[in-house]
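Topology and contacts: notes
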Amino acid sequence: MSHPAEHAEHRHPGTGTYLAIAAVLFIITIVEVGVFYVPAFKPVLAPALLTLSAVKFSLVVMFYMHLKFDSPLFRVIFTLPLLLALGVGIALMFLFGAFGLRH
Amino acid sequence: MTHAAAPASGHYTSTGLDNKKLAFWAFIGSECLLFGSLISTYLVYKGHSVRGPTPHEILNIPVTSVSTFDLLMSSLAMVLALAAVSRGDKIWARVWLGMTALLGLVFLSFQFYEFSSFVREGLTIKTNLFGSTFFTLTGTHGAHVAVGVLWLLTLLVRSFQGKLGPEKALNVEIAGLYWHFVDVVWIVIFTVVYLIQ
């Protein structure tokens, strides 16, 4: 049987991948702040920022939390409550008229 | 039933996965619901404050952008710490664990600066709906960061005691899962609270 640390090393990406992900996260954050300050993006501000945020979220979860490389069971245990939280949030916003549909 | 496999810890389990890691993912799932409810509450009450200060009057985007970058880089330091512990590199494990904790402390300092400047400008948790939901959400996140910093410092002390070898990599990985989760929650908060005003 191989050493536990070897298992971990084989499952996880290398330093180069971690640095590349950090660079992408940094660039996306700059783009987010840029989009916030440029008036031309005002009509698409919310969808653009939510998309960029979702990309950052996915990159950290998949590569830094190793969900892309770990057991699918971990993916299920994380994704189901995440979707439930998202669904509850959207339902609450509908209920409280946040989308302007109450009246 | 399929054959049980040995997880990284060496213990045999029916899932073939380490029970500690499985339980911690379940905990993170429950944390999704906690932060989901806090973020939803913020969004539901957004724009319903009858008096100021309002988000666009008080939120400091340049400062928060720097603290967001700080937290993102702490996640990089955390994965590098895990990689160093896994390969038995004690020196770099200490460097990256210490760096992660330090970046966490810097983030908390930014938050302390932000909170104290808001209070000076007249926004407290009791001022209006924005104040109540904002301080509850970001304060709960800040408390999670503080717990993470203490956890990282504990690992750093264990490393200096010579008790954080490759066989303990799973403990560092679980601490890392917590730290990265705190980071992804901030990614959402930064967008939803600060940028989409």
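Per the secondary structure count, chain A includes four helices and zero strands. The order of helices and strands in chain A, counted from the N terminus, is α-α-α-α. By residue count, 26% of the 103 residues in chain A fall in the buried class. Pairs at least 24 apart in sequence give 52% of the contacts found in chain A among residues at least 6 apart.

Further remarks concern the overall build of chain B. A tally of regular secondary structure across chain B gives six helices and zero strands. When the helices and strands of chain B are listed from N to C terminus, the series reads α-α-α-α-α-α. With the C-alpha coordinates of chain B rotated into their principal frame, the extents come out at 60 × 45 × 20 Å. In chain B, once contacts between residues fewer than 6 apart in sequence are set aside, the share between residues at least 24 apart is 78%.

Right, let's get into the environment of B:L156. Its location among the elements puts B:L156 in helix α5 (residues 129-160). Once the C-alpha coordinates of B:L156 and B:W179 are considered, the two residues, 23 residues apart in sequence, prove to be 15 Å apart.

This part covers the interface of chain B and chain A. Facing 44 residues of chain B, the contacting portion of chain A comprises 43 residues. If you list the elements that add at least two residues to the side of chain B that touches chain A, you get α1 (19-45), α3 (61-86) and α6 (169-195) of chain B. No other element matches α1(B), which puts 13 residues into the side of chain B that touches chain A. Taken together, the residues of the side of chain B that touches chain A break down into 26 nonpolar, 15 polar and three charged.

The next subject is the packing of helix α4 (residues 72-95) of chain A against α1(B). At their nearest, the axes of α4(A) and α1(B) sit 8 Å apart, and the two run at 15° to each other. In terms of axis orientation, α4(A) runs roughly parallel to α1(B). The element α4(A) and its partner α1(B) pack so that their crossing is right-handed.

Bringing the environment of B:V44 into the picture now. With respect to the helices and strands, the residue B:V44 is situated in helix α1. Distance in space between the C-alpha atoms of B:V44 and B:S75 is 30 Å, their sequence separation being 31 residues. Among all residues touching B:V44, those that are not within four sequence positions of it are A:L92, A:M93, A:F96 and A:A98.

What follows is about the confidence of the model for chain A. Residue and element names in this part refer to chain A. Scored by pLDDT, chain A has a mean of 87; 84% of the residues are at 70 or more. Between the elements of chain A, mean pLDDT differs from a low of 48, seen in helix α1 (residues 4-11), to a high of 96, seen in helix α3 (residues 45-64). Across residues 1-10, confidence stays below pLDDT 50; counting only partners more than four residues off in sequence or on other chains, it has 19 contacts.

Residues and elements named next belong to chain B. Two elements in contact, α1 and α6, have axes whose closest approach is 11 Å; the angle formed by their N-to-C orientations is 15°. Compared by their axis directions, α1 and α6 come out roughly parallel. Considering only the axes of α1 and α6, their crossing is right-handed. Residues K20, K21, F24, I28, E31, F35, I39, Y42 and L43 of α1 touch α6, and the partners they reach there are L170, I174, L177, F181, V185, V188, V192 and V193. When grouped by side-chain class, the residues that make up the contact of α1 with α6 number 14 nonpolar, no polar and three charged.

Thresholds, definitions, all that
Residues numbered from 1 in each chain as written. Chains lettered and ligands numbered in written order. Predicted model: local features only at pLDDT ≥ 70, side-chain atom pairs only at ≥ 80, totals over all residues. Helix = DSSP H or I, 4+ residues; strand = E, 2+ residues; numbered from the N terminus. Buried ≥ 20, exposed ≤ 12 C-beta atoms within 10 Å, placed from the backbone. Contact = placed C-beta atoms within 7 Å. Nonpolar A, V, L, I, M, F, W, Y, C, P; charged D, E, K, R; others polar. Axes fitted to C-alpha atoms, helices over the stretch in contact; angles between N-to-C directions. Parallel < 35°, antiparallel > 145°, perpendicular 65-115°, else oblique. Left-handed = near helix turned anticlockwise from the far one by under 90°. pLDDT = per-residue confidence, 0-100.

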